[in-house]
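Observations on the three-dimensional arrangement
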Amino acid sequence: MEFEINDSELVRDYISGDEKALEVLINRHNQRISSFIYSKVMDRDITEDIFQDTFIKVIKTLKKGSYSEEGKFLPWVMRIAHNLIIDHFRKNKRMPKFEGTDDFNIFSVIGDDKLNVEKQIIKDQIDSDLGSLIEELPDDQKEVLLMRIYKDMSFKEISENTGVSINTALGRMRYALINLRKIIERHNIVLTN
């Protein structure tokens, strides 16, 4: 009857000088560790490199006598592999560095489609502030601005809905924007996200 030597005994044997014990450990966990690494990096060559680096680190730690996680060999090796995967991505997937100038800011081009919580709070506050400012406009200007900006209506549709000419609707929109700028300046408000 053949019985399997557990990882702890193999680690002890390797530390005592039995090189074969490490080979047994590597062969025993090769598939699981390689699959784990591959699932993260999705590249065979990189997987092989990280696998080798993982066991180089394992060997160094065992030879130094720093290994102390009795009976938890595989989770320990997986943690080493995981850290090396993170290091790989830090080194190789780093964002290119761009220096922003007054004319160009890289952050105006790149961004996350989903607003993070902070940006959402700022956006909600701006929307709220803008709503308050619009309330200060004369009713005829406010009506045209709300139809144009918030309801996305054409000036033809605004004209039909309000019973005024297209030119009058355009004029009210123009005055609404001029007055809105004055209100913003008067309140000393900065609307930005």
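Scroll up a little and you will see the structure.
What counts, and where the lines are drawn
- Residues numbered from 1 in each chain as written.
- Predicted model: local features only at pLDDT ≥ 70, side-chain atom pairs only at ≥ 80, totals over all residues.
- Heavy atoms only, no water.
- Helix = DSSP H or I, 4+ residues; strand = E, 2+ residues; numbered from the N terminus.
- Buried < 20%, exposed > 50% of the residue type's maximum accessible area, 1.4 Å probe, protein only.
- Contact = heavy atoms within 4.5 Å.
- Areas by Shrake-Rupley, 256 points an atom, 1.4 Å probe, with all protein chains shown as cover.
- Axes fitted to C-alpha atoms, helices over the stretch in contact; angles between N-to-C directions.
- Parallel < 35°, antiparallel > 145°, perpendicular 65-115°, else oblique.
- Left-handed = near helix turned anticlockwise from the far one by under 90°.
- Nonpolar A, V, L, I, M, F, W, Y, C, P; charged D, E, K, R; others polar.
- Core = buried A, V, L, I, M, F, W, Y, C linked by side-chain atoms within 4.5 Å.
- Expected span 1.5 Å × (residues − 1).
- Patch = residues over 30% accessible without salt bridge, like charges linked within 9 Å, V, L, I, M, F, W, Y side chains within 5 Å.
- Salt bridge = Lys/Arg side-chain N within 4 Å of Asp/Glu carboxyl O.
- Lys, Arg positive; Asp, Glu negative; His and termini not counted.
- Charge placed at Lys NZ, Arg CZ, Asp CG, Glu CD.

**Quick notes on the overall build of the protein**
A tally of regular secondary structure across the protein gives eight helices and zero strands. When its helices and strands are written in sequence order, the protein yields α-α-α-α-α-α-α-α. Classification of the 193 residues of the protein by burial places 28% in the buried group. A sequence separation of at least 24 residues applies to 54% of the contacts in the protein between residues at least 6 apart. Per element, the accessible surface of the protein, about 14100 Å² overall, is 50% carbon and sulfur.

**Topic: unusual backbone geometry**
One non-glycine residue with positive phi stands out, namely M42, at about 55°. On the secondary structure map, M42 appears in the loop between α2 (19-41) and α3 (44-64). Non-glycine residue D152 carries a positive phi angle of around 55°. Secondary-structure assignment places D152 in the loop between α6 (139-150) and α7 (155-162).

**Side note on the packing of α6 against α7**
For any two helices packed against each other, one specifies the crossing angle of their axes together with the interaxial distance. The N-to-C vectors of α6 and α7 enclose an angle of 135°; their axes lie 10 Å apart at closest approach. Taken together, α6 and α7 sit at an angle that is classed as oblique. For α6 against α7, the interelement crossing comes out right-handed. Facing α6, whose interface residues are E143, V144, M147 and R148, α7 presents F155, I158, N161 and T162. A per-class count over the contact of α6 with α7 returns four nonpolar, two polar and two charged.

**Re the nonpolar core**
If you look at soluble globular proteins, the nonpolar side chains tend to sit buried side by side. If you look at the biggest cluster of nonpolar residues, it comprises 25 residues, and the most contacted ones within it are I33, I37, F55, V58, F73 and W76. Looking at this core, the element that brings in the most residues is helix α4 (residues 73-92), giving nine residues.

**A short note on the side chain of S159**
With respect to the secondary-structure elements, S159 resides in helix α7. Discounting chain neighbours no more than four positions away, the residues touching S159 are V164, S165 and I166.

**Points about α6**
With 12 residues, α6 should reach 16 Å at 1.5 Å per residue; the first-to-last C-alpha distance of 15 Å fits that figure. Within α6 the residues assigned to the buried category are Q141, K142, V144, L145 and M147. Positive phi shows up at D152, right after α6, with a value of about 55°.

**So, a negative patch on the surface**
Taken together, the side chains of D45, E48, D49 and D53 make up a negatively charged region of the molecular surface. Tracing the backbone shows D53 in helix α3. Owing to a relative accessible area of 40%, D53 belongs among the partly exposed residues under this scheme.

**Structural notes on the pattern of salt bridges**
Within the structure shown, the criterion is met by nine salt bridges. Its salt-bridge partner being D87, residue R90 comes within 3.8 Å of it at the nearest N-O pair. Here R90 pairs with D87, and both are found in helix α4, just three residues apart, close to one helical turn. Relative accessible area serves as the criterion here: at 54%, R90 is assigned to the exposed category. Salt bridges linked by common partners bring E135, D139 and K142 together as one network.

**Digging into the environment of E19**
Here E19 is to be found in helix α2. Sequence-distant contacts of E19, that is, excluding residues within four places in its chain, are made with Y14 and K63.

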